[in-house]
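The chain contents come next:
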Amino acid sequence: MKKNIFACLIMLMTFVSLNAKELNSTQLQLRSSINSFLREEGFMPEYDSDGDIKFKKEGRTYFVIVSSVDTNPLFVTISHGYNYDDTYTYAAVKSAVKEINSYKGIKLKTFDSSYSFCAEMYLSSAEHFKYTFYKYMKNISFAESELETIVKGE
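Criteria and cut-off values
Residues numbered from 1 in each chain as written. Predicted model: local features only at pLDDT ≥ 70, side-chain atom pairs only at ≥ 80, totals over all residues. Heavy atoms only, no water. Buried < 20%, exposed > 50% of the residue type's maximum accessible area, 1.4 Å probe, protein only. Helix = DSSP H or I, 4+ residues; strand = E, 2+ residues; numbered from the N terminus. Arc of directions from axis to C-beta. Contact = heavy atoms within 4.5 Å. Phe/Tyr/Trp six-rings, centres within 6.5 Å; stacked < 30°, edge-to-face > 60°. Polar contact = N/O pair within 3.5 Å; in protein donor to acceptor, adjacent residues only side chain to side chain. Expected span 1.5 Å × (residues − 1). Axes fitted to C-alpha atoms, helices over the stretch in contact; angles between N-to-C directions. Parallel < 35°, antiparallel > 145°, perpendicular 65-115°, else oblique. Left-handed = near helix turned anticlockwise from the far one by under 90°. Nonpolar A, V, L, I, M, F, W, Y, C, P; charged D, E, K, R; others polar.

Trainee: How should helix H3 (residues 90–100) be read in this particular structure?
Mentor: Residue pairs three or four apart in sequence face the same way in an α-helix, which turns once every 3.6 residues. Every buried residue belonging to H3 is among Ala92, Val93, Ala96, Val97 and Ile100, and all of these are buried. Viewed end-on, H3 has its buried residues packed into an arc of 155 degrees, placing them on one side of the element. The exposed set on the far side of H3, more than 90 degrees from its buried face, consists of Ala91, Ser95 and Lys98. Summarising the contacts, the buried residues of H3 are in contact with strand E5 (106–110), strand E6 (114–123) and helix H4 (126–152).

Below, the structure is given as structure tokens:
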């Protein structure tokens, strides 16, 4: 029995480590600088199990993801997601993708059981993130309002 539990723990730790992103030193520095900026702004960020930055704004959870693929410039995403419900069904949200995605650097992405709003950007330093952060957050909020208008027909 102890061997089975030990084997399960080893497999779980291997799975978690394989799913964690391997960031190089430049990517780690950018992620750390973004985390510090969010902390200075009062958002109380933390790292999730994938190594992404997780923070809350007005009761909503957002993620800042530094890509492990791009190295110069670095690719960063701010995202906020929802699960589908009776009003915001897959079909209703999918029908709004084209219109929402035409709005100033915001993408509406649909998945099997959820959808998300993303601001995607290439950065050469955290300074660029600091200058554009609030604009992207405002644009995400606007896109969410636009989706509500489209889906509810208001």
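Resuming the write-up.
Trainee: Help me understand the packing of aromatic side chains in this model?
Mentor: Centre distance and the angle of the planes are the two values used to describe a pair of aromatic rings. As enumerated under the stated definition, the model contains 16 aromatic pairs in all. With a centroid separation of 6.0 Å and 85 degrees between ring planes, the pair formed by Phe37 and Phe129 is classed as edge-to-face. On the criterion of sequence distance, the pair formed by Phe37 in helix H2 (residues 25–40) and Phe129 in helix H4 is long-range, its members being 92 residues apart. On the accessibility criterion, Phe37 (7% relative accessible area) is buried. What makes Phe129 buried here is its relative accessible area of 1%. Aromatic side chains Phe133 and Tyr134 sit 4.9 Å apart centroid to centroid with 75 degrees between the ring planes, which places their arrangement in the edge-to-face category.

Trainee: What am I meant to see in the side chain of Glu120 here?
Mentor: Mapped onto the secondary structure, Glu120 falls in strand E6. Looking at Glu120, its side chain comes within polar contact range of the side chain of Lys107, at 2.8 Å. Separated by 2.8 Å, the side chains of Glu120 and Lys109 make a polar contact. Other than its neighbours up to four places away in sequence, Glu120 contacts Phe75, Val76, Thr77, Gly105, Lys107, Lys109 and Tyr136.

Trainee: Can you help me understand H4 in this one?
Mentor: Here H4 spans 38 Å end to end across 27 residues, near enough to the 39 Å set by a 1.5 Å rise per residue. Just past H4, the residue Gly153 takes up positive phi, approximately 70 degrees.

Trainee: What should I look at first to understand the side chain of His80 in this one?
Mentor: Relative to the assigned elements, His80 resides in strand E4 (residues 74–83). Only 3.3 Å separates the side chain of His80 from the side chain of Glu144, close enough to count as a polar contact. Among all residues touching His80, those that are not within four sequence positions of it are Arg60, Thr61, Tyr62, Tyr115, Ser116, Phe117 and Glu144.

Trainee: How should the packing of H3 against H4 be read in this particular structure?
Mentor: When two helices pack together, their arrangement is given by the angle between their axes and by how far apart the axes lie. Two numbers describe how H3 lies on H4: the axes approach to 10 Å, and their chain directions differ by 125 degrees. The angle between H3 and H4 places the two elements in the oblique class. Crossing angle aside, the handedness with which H3 passes H4 is right-handed. On the side of H3, the interface is formed by Ala92, Val93, Ala96, Glu99 and Ile100, while H4 contributes Ala143, Glu146, Leu147, Ile150 and Val151. Looking at the contact of H3 with H4 residue by residue, the class counts come to 8 nonpolar, no polar and 2 charged.

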